Amino acid sequence: MRILHLLASPFWSGPAENVALLAQAQRALGHEVTVAVDRKRRDIAAEEPAVPRFQALGLLDEGGLALSVKSPPWELWSDLRALRRRQVDVLHAHFTHDHLLARWGTPKGAVRIRSIHAPRSLRASLPEAGAYTVPASHLKAKLEGRHRPVQLLPALVDPMFQPAKDRKALRRTLGLEDTHLVGMISTFQESRRHALGVEAFGAFARQRPQARLVLVGDGALLDATRAQVAERGLEGQVTFAGYQQGPAFAKWLQALDEVWILGLGNDWSARAAAQARACGVRVVAVKEGALPDLTDAQVEAPTVDAVLAAAVSGASARTEHPTNERIASDILDLYRQAAELRR
């Protein structure tokens, strides 16, 4: 099966890593798979670019698509013409721009699939597709009226995410104390609720004075969070680990006892929670996206009391997460269903 994923983003963030892992798993199952990304936007110093990552994985599509929301009309027309000439069996669109382009540019004989990565894409103007994927099971009902197959596309997890062989030694190498470590592992932005996390940790530390908070990431609200930590007198109990990626990020995650996920960004598959679970780290999380399926202790409301109650509850729900191969196989079955319905 020849599969082309469309991902109109220049960033290695949001759904990009999940798309890459899905494409790798599909390729491992014997299929021809490439991923086209935004090749136009280059001024993205604030975030890691996607092109080098997909290139290193041997997945980057070189079919000449600009695939950018910043494209002028003549560039969109060029993309449409280039797309129509492609020899593919499946065109898998991931963002609105991709889906609009695919709506008019799907090659003859190919099936068009649309992945929904966040609820904001579920609107009446959503173009037609042969089948859909959603990041959380409760979103399936939103597409029932379209009378097309809908499949859950959960977070895929890189094999490097696994429990640490010697967590005490790992903590020493990272300069961390061997005590109860709570972590938050996301960009410092409003939706991730770092301010709530710091307040809740202050209350948590009053019950467990030996606990430490590890904040991994960077972003617009980093300085504000540093100031909040200082105002609360928590400097001695909070570590700012900075932006981490790849194996370095996995090591910081493996060092934790539990991770607090108090909000999601633009990918509702809750990949960070799946990565934490794979590392044997307890997950305390709010009820957003796919988090309820990956959470050990659920935060019933975004309040200090609710976070504290979940953190001290000791709850642990060790449900099995599907392997990347199983997820890829399910999505391939979805492609086949869509092709069968078209006949």
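Owing to the predicted nature of the structure, the values given are computational and were not obtained by experimental measurement.

Visitor: What's the story with the overall build of the protein chain in this structure? I'm lost.
Guide: Regarding its fold elements, the protein chain presents 11 helices and 12 strands. Taking 2.2 N^0.38 as the reference for a compact globule, 343 residues should give roughly 20 Å; the C-alpha atoms of the protein chain span a radius of gyration of 21 Å, in line with that estimate. Along the longest, intermediate and shortest principal axes, the C-alpha atoms of the protein chain span 65 × 40 × 40 Å. For the protein chain, the residues scored as buried account for 55% of the 343 residues in total.

Visitor: How do you make sense of the packing of aromatic side chains when you look at a structure like this?
Guide: Aromatic ring pairs: the centre-centre distance and the angle between the two ring planes describe each pair. Throughout the structure, instances matching the rule amount to five aromatic pairs. The interplanar angle of 85° and the centroid separation of 5.8 Å between the aromatic rings of F204 and W260 together place this pair among those described as edge-to-face. One end of the pair, F204, is in helix α6 (residues 194-207); the other, W260, is in strand β10 (residues 258-261), and 56 residues separate them in sequence. With respect to class, F204 is no different from W260; both count as buried. Across the ring face of W104, the terminal group of R103 is positioned such that the distance to the ring centre comes to 4.3 Å. Geometry around F240 places R226 over its ring, the cationic atom sitting 4.4 Å from the centre.

Visitor: Which parts of the structure should I look at to understand the layout of surface pockets?
Guide: A water-sized probe, rolled over the atoms, reveals where empty space remains. Its volume calculated, the second largest pocket comes out at about 370 Å³. As for the second largest pocket, its lining consists of 20 residues, and the residues nearest its centre are P154, L294, E320, H321 and P322. Looking at the lining of the second largest pocket, the elements that each hand over two or more residues are β6 (150-152), α9 (271-278) and α11 (324-342). Taken together, the residues that form the lining of the second largest pocket break down as 11 nonpolar, four polar and five charged.

Visitor: Explain the packing of α6 against helix α7 (residues 222-231) to me, please; I cannot follow it from the model alone.
Guide: Describing two packed helices takes the angle between their axes plus the distance from one axis to the other. For the pair α6 and α7, the least separation of the axes is 10 Å and the interaxial angle reads 20°. In terms of orientation, α6 and α7 fall into the roughly parallel class. Crossing of α6 over α7 shows right-handed handedness. Taking contact as the criterion, the partners of H194, A195, V198 and E199 in α6 are, on α7, T225, Q228 and V229. Grouping the amino acids of the contact of α6 with α7 by side-chain chemistry returns three nonpolar, three polar and one charged.

Visitor: Whenever I open this one, the sheet that holds strand β3 (residues 90-93) confuses me. Can you help?
Guide: Picture the strands of a sheet paired through backbone hydrogen bonds; they go either parallel or antiparallel. Strand order in the open sheet formed by six strands is β2-β1-β3-β4-β5-β6, with parallel pairing between adjacent strands. Each edge of the open sheet carries a strand with a single partner, namely β2 (32-37) and β6. Taken over all neighbouring pairs, the strand axes of this sheet differ in orientation by 20° on average, direction set aside. Pairing between strand β1 (residues 2-7) and β3: four bridges, direction parallel. Pairing of H5 across the sheet is with H92, part of β3.

Calculation criteria
Residues numbered from 1 in each chain as written. Predicted model: local features only at pLDDT ≥ 70, side-chain atom pairs only at ≥ 80, totals over all residues. Heavy atoms only, no water. Helix = DSSP H or I, 4+ residues; strand = E, 2+ residues; numbered from the N terminus. Rg over C-alpha atoms; globule rule 2.2 N^0.38 Å. Buried < 20%, exposed > 50% of the residue type's maximum accessible area, 1.4 Å probe, protein only. Phe/Tyr/Trp six-rings, centres within 6.5 Å; stacked < 30°, edge-to-face > 60°. Lys NZ or Arg CZ within 6 Å of the ring centre and 35° of its normal. 1 Å grid on protein atoms, 1.4 Å probe; cavity = no way out; pocket = protein on both sides within 12 Å on 5 of 7 lines; lining within 4 Å. Points joined across faces, edges and corners; volume = space filled by probe spheres on them. Nonpolar A, V, L, I, M, F, W, Y, C, P; charged D, E, K, R; others polar. Axes fitted to C-alpha atoms, helices over the stretch in contact; angles between N-to-C directions. Parallel < 35°, antiparallel > 145°, perpendicular 65-115°, else oblique. Left-handed = near helix turned anticlockwise from the far one by under 90°. Contact = heavy atoms within 4.5 Å. Pairing = 2+ DSSP bridges.

Just distances and angles here, no functional claims.
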